[in-house]
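Each chain is listed here by its residues.
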Amino acid sequence: MNTIAEEKVLIKCYHCDSICEEEIITHDDKPFCCVGCKTVYEILQENGLCTYYDLNENAGVSLKAGHLAGKYEFLADPQIEKQLLDFKSENQARVTFFIPSVHCSSCVWLLENFNKIKAGVLTARLNFIKKELFVSYDPSRVSLKEIVELLATLGYAPLFNLESADKPQKSNKEQHRLLLRIGVTGFCFGNIMLLSFPEYFKLDLQNAIDASYQKFFLYLNFLLALPVFFFGASDYLKGAFISLKENWKGTTRVLSVDIPIAMGISALFIRSTYETFVNHTSGYWDSLTGLVLFLLVGKWLQQVTYSYLSFEHDYKSYFPLAVRVKEQGFKNVAELQPSEVIEIHHQELIPADSLLLSEEALIDYSFVTGESAPVEARRGDRIFAGGRQLGSKIDLRVEKQVSRSYLTELWNNETFRKDKASRTSDFANLFSRYFTYAAIGIAALTGLYWHFHNPDLVWVTVTAVLMVACPCALTLAMPFAMNAAMSLLGKNRFFVKNQNVIQLLTEVNAIAFDKTGTLTEGKSGNVKFTDGELSEEDKRLVKAVTSSSVHPLSRLIASHLGKYASEVAVSRFKEIKGEGIEAVAGGRHIRLGNSVFLNMPHVPKESGQVLVEIDGEYKGHFSVKSKFRNGWEAVLKKLSRRHILALISGDNSRDRKMLAPYFLEKNMHFDLKPQDKLNFIKNNQEAGTKVLMIGDGLNDAGALRQAHVGVALSEDINAFSPACDVILDAREFNRIDEFIGFSRTAMNIVVAAFALSVLYNIVGISLAVSGHLSPLYAAVFMPLSSISVVLFATGCTYLFAKLKNLI
């Protein structure tokens, strides 16, 4: 009896691409391996997010073991939630998740659209390299537990480590995978070389048995080349396919550098297959496998080199924060320990999650949330890192050590980001965009030329051109040179927000200065009280109120009244930028400021004048004559050689004659309010001027944000505006021209590295076109050129820093 064997058809899950072994669940004419995968598809379908499946094949994660009943109940515990959250208020909370299952562009797309899936989620931003998901949500609409359960349902279960403040260690699967590819490719390459010896020595194999062995070796070489092509070179082939696919869809017009590499590998594979099975010759199997091997080894070598050179900026690179600890004096925030009590004054940044010990506080969380409405807090409330105290001095008990990257992430928050493109970045992007087209065009012309002159060289030359052409050197030189420059400038107390700021510094052609607290010192000057008299008690009250302010004039007055104890309860503190301050101290209402703020137009206005009113009674005024910083004339003289200088001050024109030698008359402006300063910057920008603003990090926040580059000069780095691009320690004021000059040097190094990259490509492509460079040597040449350019850029940055006495 004849029987027909029934062939088993393997059906793959539409979501995760796993084989449906136990059951097949059909929904919407699509097969799923489990209820979990079907559920994810339904969620995405309901929210119009099925593009997820178009971005990558095998995009989903298998959910066969996705039973979540009770798994995340611990997240309902307020204490555990408190430990995990970065920030929490009535209508906004922020949390950082580590998502180990993130693996492709579909993951990025889905997770950054997470707010469209779950009501109450405000924003979601993924750091693909670190696999960290930053989620902002409304706790009144959705809980942390619900968010985590939905992430787990989608196949992106967060990994928690509640016993350690450190992030969980991530196993380097990518590097392991790369080493595995190198091992497989190396094994195949070695054996193909061994089996190709008869071809190398051109042995005359007239013997039928030897000839049959030779043919067998040819086919064996083909089999050994298959894992090299489909496994070893898969990243290049896949990268090229995705790039072409996205270009076809119109989502991008940039061709990946993987395309010419993939074309070269494919050309060798197709040609060698033809030679093996049609002409029964060896083809280029040794060149193909050697090419892939050296590409992979070069990639690994690049990773090792870059990881050695690169570094991760943390808050210490940007925030040299020191905070006063009770009974210990000032202490670096990096050394703060839980249970220590710290003092935070008006407008100072709160560096760590803490518990409020004072009766009340008014916290501005705009640095965290982007919303300017301050939040009232009472004794026992939790105060989150990144908030700013707006009231009087408060005491806080530290609950959590400072996060390694949280404050840095806040400063680079999209709320404060400036959408400015630098000419260098634009050129680099333009170069990379058209480089691949040019490389393919040169390869095509090379093949056409040799087709008519020496057909044997067509495949070798075309493949070598595609291999050796690479724009990576430029795209790598810039970030490494900029990272090195940021680090060196930071060590000199010139703290740069990000790489783009260094590029923007080189484009500046005008510099606008504030006067009070910028050209003048905020901690020294002559202070006199006139037009009245203050009692000993009045002086204690004024000292307490001015001690709560970070304005330069307030600091000078507080310093002048230093012998009077300021341990007076201050409440309802309020500061109006550019006008004055008011508070209740010792049960009495205190106001200090200009004549407009105190509604006393009859008082003659003078420079550095601060009127005092206690319980509605005018007591007289302080006359504050600030001391100009040491070397200020030399700084202005140096900067005027390359830049147009302007003065935009909220003070009166008493010092006009002293400043006249350094500023044109039309460029000196006095009695300006913060909005006037912002308008001055904006008007000059509309005229095509690239303005660098140097001012008080708080009172000039609007102008700093509007400027091409905003530099906050601060004697108390706790008090600065997140809108600024650079924080400059006041002690380094006389070196501003050095820092701007070094930024230009860093960009010149990038240009030189670009020229070196172009030279490498000209030499390499010329050799490849002429037939003097084999694909094998091209595969070695390409990564070595990239590494040497990166070493050149980084090394030169440090060398010139040494020559300029920055290290």
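Residues numbered from 1 in each chain as written. Predicted model: local features only at pLDDT ≥ 70, side-chain atom pairs only at ≥ 80, totals over all residues. Heavy atoms only, no water.

Participant: Before we go on, may I ask you to explain the overall build of the protein in this structure?
Facilitator: When you go through the protein residue by residue, the secondary structure sums to 27 helices and 28 strands. Expressed as a percentage of its 807 residues, the buried residues of the protein come to 51%. By sequence separation, contacts in the protein at least 24 residues apart represent 68% of the contacts at least 6 residues apart. As displayed, the protein has an accessible area near 37700 Å², and 55% of this comes from carbon and sulfur atoms. (Helix = DSSP H or I, 4+ residues; strand = E, 2+ residues; numbered from the N terminus. Buried < 20%, exposed > 50% of the residue type's maximum accessible area, 1.4 Å probe, protein only. Contact = heavy atoms within 4.5 Å. Areas by Shrake-Rupley, 256 points an atom, 1.4 Å probe, with all protein chains shown as cover.)

Participant: Got a minute to help me understand the sheet that holds strand β11 (residues 360–364) in this structure?
Facilitator: By way of backbone hydrogen bonds, the strands of a sheet pair with one another, either parallel or antiparallel. One open sheet holds the 3 strands; their spatial order is β12-β11-β14, and the pairing between them is antiparallel. Among the strands making up the open sheet, the edge pair consists of β12 (375–378) and β14 (388–389). Bridge count between β11 and β14: 2 bridges; the pairing is antiparallel. Of the residues in β14, the one forming a bridge with Ile363 is Gln389. (Pairing = 2+ DSSP bridges.)

Participant: Help me understand the pattern of salt bridges in this model?
Facilitator: Opposite charge on two side chains permits them to pair, given that their charged atoms come into close proximity. All told, the structure shown has 25 salt bridges when counted by the stated rule. Here Asp395 ties to Lys326 by a salt bridge, and the two come within 3.5 Å at their closest N and O atoms. Taken together, the residues Asp395 in strand β15 (residues 394–398) and Lys326 in the loop between β7 (322–325) and β8 (329–332) connect sequence positions 69 residues apart. Between Glu732 and Arg735 there is a salt bridge, with its nearest N and O atoms 3.1 Å apart. Each member of the salt-bridge network shares a partner with another, and the members are Arg493, Asp729, Arg731, Glu732, Arg735 and Glu738. (Salt bridge = Lys/Arg side-chain N within 4 Å of Asp/Glu carboxyl O.)

Participant: Any chance you could explain the nonpolar core here in plain terms?
Facilitator: For soluble globular proteins, the rule of thumb is that nonpolar side chains tend to be buried together. Counting 51 residues, the largest nonpolar core has Ile511, Phe513, Leu519, Phe663, Leu692 and Val709 as its most contacted members. If we ignore the near neighbours within four places in the chain, the residues touching Phe663 are Phe513, Leu519, Leu636, Leu645, Ala646, Leu647 and Met668. Counting 29 residues, the second-largest nonpolar core is a separate cluster that includes Val102, Leu110, Ala124 and Leu144. (Core = buried A, V, L, I, M, F, W, Y, C linked by side-chain atoms within 4.5 Å.)

Participant: Just to check I follow, could you spell out the packing of aromatic side chains for this structure?
Facilitator: Any aromatic ring pair is given by two values, namely how distant the centres are and how the planes are angled relative to each other. Across all of its chains, the model carries 15 aromatic pairs by this definition. Taken together, a centroid distance of 6.1 Å and an interplanar angle of 50° make the contact between Phe216 and Phe217 tilted. The class for Phe217 is partly exposed, based on a relative accessible area of 25%. Ring-pair connections join several aromatic residues into one group, and the members of that group are Tyr219, Phe222, Phe229, Phe230, Phe269, Phe277 and Trp285. Between Arg181 and the ring centre of Phe231, over which it is positioned, the NZ or CZ distance is 4.9 Å. A cation over an aromatic ring shows up here: Arg629 above the ring of Phe733, its NZ or CZ 5.9 Å from the ring centre. (Phe/Tyr/Trp six-rings, centres within 6.5 Å; stacked < 30°, edge-to-face > 60°. Lys NZ or Arg CZ within 6 Å of the ring centre and 35° of its normal.)

Participant: Can you help me understand unusual backbone geometry in this one?
Facilitator: Most of the time, phi is negative for any residue but glycine, and the peptide bond is trans. Positive phi values are uncommon outside glycine, yet Asn599 reaches one of about 55°. Mapped onto the fold, Asn599 is located in the loop between β21 (588–593) and β22 (609–614). Judged by its relative accessible area of 64%, Asn599 is exposed. Non-glycine residue Asn805 carries a positive phi angle of around 60°. Relative to the helices and strands, Asn805 is located in the segment after α27 (775–803).

Participant: I'm lost on helix α26 (residues 736–769) in this one. Help?
Facilitator: For an α-helix the count is 3.6 residues per turn, leaving residues at separations of three or four pointing the same way. With 34 residues, α26 extends 49 Å between its outermost C-alpha atoms, agreeing within 8% with the 50 Å of an ideal straight helix rising 1.5 Å per residue. Gly771 lies just past α26 and shows a positive phi near 85°. (Expected span 1.5 Å × (residues − 1).)

Participant: Would you explain the environment of Ile807 in this entry?
Facilitator: In this fold, Ile807 is placed in the segment after α27. Spatially, the C-alpha atoms of Ile807 and Lys491 are 8.2 Å apart, while their sequence positions differ by 316 residues. Those residues in contact with Ile807 that sit more than four places away from it in its chain are Leu488, Tyr798, Ala801 and Lys802.

Participant: Help me out: how do you make sense of the sheet that holds strand β16 (residues 494–496) in this one?
Facilitator: If you walk across this open sheet you meet the 7 strands as β16-β28-β27-β26-β17-β24-β25, and the pairing is mixed. Two strands close off the open sheet at either side, each with one partner strand: β16 and β25 (668–669). Note that strand β17 (residues 510–513) and strand β24 (residues 644–648) share 4 bridges and pair parallel. Bridged to Ile511 within β24 is Leu645.

Participant: Any chance you could explain a nonpolar patch on the surface here in plain terms?
Facilitator: On the surface, Leu179, Val297 and Trp300 cluster together into a nonpolar patch covering about 230 Å² of accessible area. Mapped onto the elements of the fold, Leu179 is located in helix α6 (residues 173–195). (Patch = residues over 30% accessible without salt bridge, like charges linked within 9 Å, V, L, I, M, F, W, Y side chains within 5 Å.)

Participant: Would you mind going over the packing of helix α20 (residues 536–546) against helix α21 (residues 552–560) with me for this structure?
Facilitator: Pairs of packed helices are described in terms of their axes, by the angle between the two and the distance that separates them. Their axes nearest at 8 Å, the elements α20 and α21 cross at an angle of 140°. Here α20 is positioned oblique relative to α21, judged by the angle of their axes. Crossing angle aside, the handedness with which α20 passes α21 is left-handed. When α20 is examined against α21, the residues Val542, Lys543 and Thr546 are found in contact with a partner set consisting of Ser554, Ile557 and Ala558. (Axes fitted to C-alpha atoms, helices over the stretch in contact; angles between N-to-C directions. Parallel < 35°, antiparallel > 145°, perpendicular 65-115°, else oblique. Left-handed = near helix turned anticlockwise from the far one by under 90°.)

Participant: What is the right way to look at the confidence of the model for the protein in this model?
Facilitator: Across the protein, the average pLDDT comes to 76, with 74% of residues at or above 70. The element-level mean pLDDT for the protein is lowest in helix α12 (residues 315–318), coming to 40, with β17 highest at 92. In the model, residues 309–320 has pLDDT below 50 throughout and makes 40 contacts with residues more than four positions away in sequence or in other chains. (pLDDT = per-residue confidence, 0-100.)

Participant: Is there a simple way to think about the pairing of β15 in this case?
Facilitator: Regular strands have side chains that alternate between both faces of the sheet. Burial of β15 is extensive: 4 of the 5 residues sit out of reach of the surface. Two elements, strand β9 (residues 341–344) and β15, share 4 bridges in a ladder whose sense is antiparallel. Bridge assignment links Glu343 to a residue of β15, and that residue is Asp395.

Participant: Explain the environment of Ile117 here, please?
Facilitator: Note on placement: Ile117 falls in the loop between α4 (105–112) and β5 (121–127). Judged by its relative accessible area of 11%, Ile117 is buried. Residues Ile117 and Leu150 lie 33 residues apart in sequence; the distance between their C-alpha atoms is 9.1 Å.

Participant: What is the right way to look at helix α10 (residues 258–279) in this model?
Facilitator: When the terminal C-alpha atoms of α10 are compared, their 30 Å separation across 22 residues agrees well with the 32 Å that a helix rising 1.5 Å per residue should span. Remark: His280 follows α10 within two positions and exhibits a positive phi of approximately 55°.

Participant: Looking at this structure, how should I read the side chain of Ser595?
Facilitator: Position of Ser595 among the secondary structure elements: in the loop between β21 and β22. By relative accessible area, which is 9% here, Ser595 ends up buried. Every residue in contact with Ser595, bar those within four places of it in the chain, is listed here: Met600, Pro601, Val603 and Leu611.

Participant: Could you clarify how one ought to interpret the environment of His772 in this entry?
Facilitator: Relative to the elements of secondary structure, His772 occurs in the loop between α26 and α27. On the accessibility criterion, His772 (64% relative accessible area) is exposed. In this structure the C-alpha to C-alpha distance between His772 and Ala464, which are 308 residues apart in sequence, comes to 9.4 Å.

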